[in-house]
Structures are given as structure tokens and as C-alpha cells.
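Structural overview for review
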Amino acid sequence: MRPGRRSLVSALTFGVLVAAVPAGRAADETVVRVGIVLPFAGDELATTGPMRDGALLALVGAAIPGVRIEPVVLDHAVNGVHDPAKAAEDLRALVADPTVIAVIGPYNSSVGQAIIPIATDAGLLTCSPGATNPGLTAGADGAALRATHPDRIAFIRTLATDDQKAPATASYARRTLGLERIAIVDDGQVYGIGIADQLAAAWTADGGVVTGRGSVPAGSGAAGAVVAALADGAPDALYFGGIPGTGAAAVREAMVDAGLGAIPYIVSEGANDGPADRPGTFLAALGDRAGDVWTVDGAPHDFPGRDAFAAAFRAAYGFDPTPYAATAYVCGEVIAAALRAAGDPSDREAIRAIATDPGSTVDTAFGPVSFDAKGDIRQRWVALYRTDPTIDADPATPGAGDWIFVDQVATGDAG
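Conventions adopted
- Residues numbered from 1 in each chain as written.
- Predicted model: local features only at pLDDT ≥ 70, side-chain atom pairs only at ≥ 80, totals over all residues.
- Heavy atoms only, no water.
- Helix = DSSP H or I, 4+ residues; strand = E, 2+ residues; numbered from the N terminus.
- Rg over C-alpha atoms; globule rule 2.2 N^0.38 Å.
- Buried < 20%, exposed > 50% of the residue type's maximum accessible area, 1.4 Å probe, protein only.
- Contact = heavy atoms within 4.5 Å.
- Areas by Shrake-Rupley, 256 points an atom, 1.4 Å probe, with all protein chains shown as cover.
- Lys, Arg positive; Asp, Glu negative; His and termini not counted.
- Charge placed at Lys NZ, Arg CZ, Asp CG, Glu CD.
- Disulfide = S-S within 2.5 Å.
- pLDDT = per-residue confidence, 0-100.
- Phe/Tyr/Trp six-rings, centres within 6.5 Å; stacked < 30°, edge-to-face > 60°.
- Polar contact = N/O pair within 3.5 Å; in protein donor to acceptor, adjacent residues only side chain to side chain.
- Pairing = 2+ DSSP bridges.
- Axes fitted to C-alpha atoms, helices over the stretch in contact; angles between N-to-C directions.
- Parallel < 35°, antiparallel > 145°, perpendicular 65-115°, else oblique.
- Left-handed = near helix turned anticlockwise from the far one by under 90°.
- Nonpolar A, V, L, I, M, F, W, Y, C, P; charged D, E, K, R; others polar.

**Brief notes about the overall build of the protein chain**
A count of helical and extended segments in the protein chain gives 12 helices and 18 strands. Against the 2.2 N^0.38 benchmark of 22 Å for 415 residues, the protein chain shows a C-alpha radius of gyration of 21 Å, consistent with a compact globule. Each of the three principal axes of the protein chain carries a C-alpha extent, and together these read 65 × 50 × 40 Å. Evaluated residue by residue, the protein chain yields a buried proportion of 56% over its 415 residues. The contacts in the protein chain between residues at least 6 apart in sequence include a share of 74% that link residues at least 24 apart. Of the accessible surface of the protein chain, which amounts to about 15000 Å², a share of 52% is contributed by carbon and sulfur atoms. Averaging the locations of the 29 positively and 48 negatively charged side chains of the protein chain gives two centres separated by 3 Å.

So, in C-alpha cells, the structure goes:
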């Protein structure tokens, strides 16, 4: 257990994590529960663990007179990877508990597709700190997920979507890094295919050339053959549509084997999950293949409450927060604000309506935030990071490497 963790968590039983009740609270307080629905296994844990921790920090620290929040953490990883069917089962269990007034999650867009219809039917507020596919909220795809209640928004998210991330990535890579030719690989999943499509469109619209496209489903063992074929197109860089948990390290290894180890490798999201000397991180998996690797997050690096949030997070857990720990923390702040405003803390519908009201604004660590009529946060940022293998993140492992913040772009009403 990390330093300070016991102050937030009291039990881990049957996959359910329940936050401890802070000392001094009255026994007659109204108890409400907030689900935290994420996968906690394999390569995803380095991202989802801090995401969970950020959510817990916000919920357990919320001061609401007469109310006690009990977070309930459910793990929908099956055989080491996120499983939409298990996530749907978990959400149905939360819906069936009348004390559950909101949910934080999911991380993966494929899981979003599975749980949004359930949350919408139940009117259960669901705030995602990580799912970025635009079709979860927008257009015909978003409407289909809300088909039974087309005018009810139950799903919101606290980060930029792929249609904002991809153009920002292409623009920076083309104009600042001077890249022209790019090969694109996706992980065969909803998020990975979607962001790869978005990147390809943005790249060509910006005058660049896509030299080839391939797909490497996680666990398929196809990375070597796919990347070797893409090497024939002589790309200036390779882009991976996916996350560390869906094969990003295997693609990088295949790049080295195919003679592409010296060109930039851009991971679409989530690779900035900590330094190389922390077990389980993406950089730990890359080892000596970590040079000139980039990642792009739909969460801000610089925001008004960053210093206070980071200090509180370090005090609780003993390490620095990751970008998506902050988006989860803001989800917790939004839920707590709606709970305060609802009057009746058990009124699930009032809490949903307050949080999703396009006319309301909530003060958060990110500053004042609000959500549009689809449930997407209006204040959106894209942050770019690159690796520096020479950083001594820990003197005991000199030169292990870490991530360096490079730039941040406001893509919504943030700037």
C-alpha cells in the first residue's frame, strides 16, 4: 500500500473498494454512494490506478453537511484487459442500489458504448475522466446510445475528445516537428480505430502524407509483421491509435526491429502514466526503447488548481498525479457540487439534471467548468508530452527516464 493510502481506503473485498469514513462524522448522516467503474489490471493499471485515486481524493474530501459519500470501486478487467460486458454488469448492480447517486468512469470508449444506454435508462449521472470517442455523445452514434431517452443526458466527461486531439496532434507534429510522412497503426478497438481515423484525416488535411495504415489487435502478436510492412513506406514517424494497455509497447518494439527505432513514435493517449522507475508504467515496459516517444492527452497540464491538487495527491498517495488523475478528481468535484445543490442527497434525478444542465457552472481544480447540451465539457485542452530517457526520476536508478511536458493547446472555451 502506498504512503497515505490507508487514510482513504478501508477495505478491498470481492473487487469492491469502499472508502473509509473520516473520523468525527455523525452516525446519523445520510449515506450516498458513488461508483468508480474502471479496469485495474495489466498495462491499464498504471493509468487507472491514479484515476481511481484522484476520484477518491475528491469524493472523500468533499464537505457536504449531513451527507457522507461512500465511494465503491468496481473492477471490470477480465483476463487482464477491460471488458465492456463486465462493466455493463457492474453498472446494472450500481443502478439497482438506490443509494448510488452517480458514477465516475469509464476509461475506455468501448466500455462507454456498453454503459451509456444503461446509465441513460436509469437517469444515473456518469462522469468519464478518460473516454474520448466523439460518438459517445455526438451525432447519430451518440443519439443511438440515448435512443430510449433521447432528451436525457446522463453521461458527461471532463476531457477533450478525439476530434479535438487529432487536429492538435497533427498541427504540432507537422508545423513544430516538421514531420511530413506518417504511418498509422490502431489497436482494433473503438477508441484506437476512431482516433487513428481522426489523425489520418487531420494529417492529410494539413498537407501531410499517410504512408500506410495497419491494425494490431491487443494480444494478436501481429505487431512485427504489420510494422515491418509499414517500414517500406519510409515514414518520418509512426502513430499508434491506442493506449499502453492495448499494445503500444509491442508496436514500439516492432519499430526497433524494423529499423524504425530512430523516428518519433506518437502514442495517441495515456502513455504518460509515470516514470520508468515505477513498476508497471509504459516507460518501464519500453526500457531502452523509450527515446523520442510522444503522447497526447485530452487533459490540461497547467490549470488554476494544479499546485493544490498535486500537493494533496502526493500527501495522500506518495507520488505525483498523472494527467487523468486530475480529470477523475474534477469528475468528483462536479458530482459533489451537484449533490450539494440537489437538496435531497438521495434524489438521483435531481443530481443528474443539475450536473448536466448546460446553463450551470462548477468551480473545480480546472477553474469554472460547464458541459454542453451533449454532455461534453466546454473547457477543453490538449497537452503534449515527450520522453527524456536521461532524467533521474530516482537517484537509485540513474537515467531511467520520465515524461517532459512540451505544450498545451486550448481546444474549447478554455482559452
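**What to know about the state of the cysteines**
The final tally for this structure, using the stated rule, is one disulfide. There is a disulfide in this structure between Cys-127 and Cys-331, and the S-S distance comes to 2.1 Å. Disulfide Cys-127-Cys-331: torsion about the S-S bond near -80 degrees, hence left-handed. Separated by 204 residues along the polypeptide, Cys-127 in strand S8 (residues 125-128) and Cys-331 in helix H11 (residues 323-341) bring together distant segments of the chain. Comparing Cys-127 with Cys-331 shows no difference in burial state: the two are buried.

**Observations concerning the environment of Asp-372**
Mapped onto the fold, Asp-372 is located in the loop between strand S16 (367-369) and strand S17 (381-388). For Asp-372, a relative accessible area of 15% corresponds to the buried category. Once the C-alpha coordinates of Asp-372 and Leu-159 are considered, the two residues, 213 residues apart in sequence, prove to be 13 Å apart. Look past the residues within four positions of Asp-372 in its chain and what remains in contact with it is Pro-358 and Arg-378.

**Regarding the confidence of the model for the protein chain**
Scored by pLDDT, the protein chain has a mean of 91; 91% of the residues are at 70 or more. Contacts for the low-pLDDT stretch residues 1-24, under 50 throughout, to residues beyond four places or in other chains number 55 contacts.

**With respect to unusual backbone geometry**
The residue after Gly-105, namely Pro-106, is reached through a cis peptide bond having omega 0 degrees. Note on placement: Pro-106 falls in the loop between strand S7 (100-104) and helix H3 (109-122). For Ala-234, which is not a glycine, the phi torsion comes out positive at approximately 50 degrees. Checked against the element boundaries, Ala-234 lands in the loop between helix H7 (223-231) and strand S12 (237-241).

**Topic: the packing of aromatic side chains**
Taken as a whole and judged by the stated rule, the model has 10 aromatic pairs. Here the aromatic rings of Tyr-172 and Trp-294 are separated by 6.0 Å at their centres, their planes lie at 50 degrees, and the arrangement is tilted. Pair noted here: Tyr-172 is in helix H5 (residues 162-175) and Trp-294 is in strand S14 (residues 293-297), with a separation of 122 residues, a long-range link. Across this residue pair, the class does not change: Tyr-172 and Trp-294 are buried. Both rings, one in Phe-303 and one in Phe-309, keep their centres 6.5 Å apart while their planes meet at 45 degrees; by these two values the pair is tilted. Overall, Phe-309 belongs to the buried group, its relative accessible area being 4%. Among the aromatic residues, ring-to-ring pairing joins Phe-303, Phe-309, Phe-313, Tyr-317, Phe-319, Tyr-329, Phe-366 and Trp-381 into one connected group.

**Comments concerning the side chain of Ser-109**
Take Ser-109: it is sitting in helix H3. Only 3.1 Å separates the side chain of Ser-109 from the backbone nitrogen of Asn-133, close enough to count as a polar contact. The contact partners of Ser-109, leaving out residues within four places of it in the chain, are Ala-131, Thr-132, Asn-133, Leu-136, Val-190 and Tyr-191.

**Concerning the pairing of S14**
For S14, the tally of buried residues reaches five of five residues, placing the bulk of the element in the interior. Of the two faces of S14, the one holding Val-293, Thr-295 and Asp-297 and the one holding Trp-294 and Val-296 are both buried throughout. When strand S13 (residues 265-267) meets S14, the two strands line up parallel, connected through three bridges. Opposite Tyr-265, over in S14, you have Val-293 as the bridge partner. Sheet topology places S14 next to S17; four bridges connect them, and they run antiparallel. Across the sheet, Trp-294 pairs through a bridge with Arg-386, a residue of S17.

**As for the packing of H11 against helix H12 (residues 348-356)**
Geometrically, a packed helix pair is captured by the angle between its two axes and the distance between the axes. Interhelical geometry of H11 versus H12 gives an angle of 120 degrees and a closest axis separation of 8 Å. Here H11 lies oblique to H12, going by the angle between them. Two packed elements cross with a definite hand, and for H11 against H12 that hand is right-handed. On the side of H11, the interface is formed by Val-334, Ala-338, Leu-339 and Ala-341, while H12 contributes Ile-351, Ile-354 and Ala-355. Residue classes in the contact of H11 with H12 are distributed as seven nonpolar, no polar and no charged.

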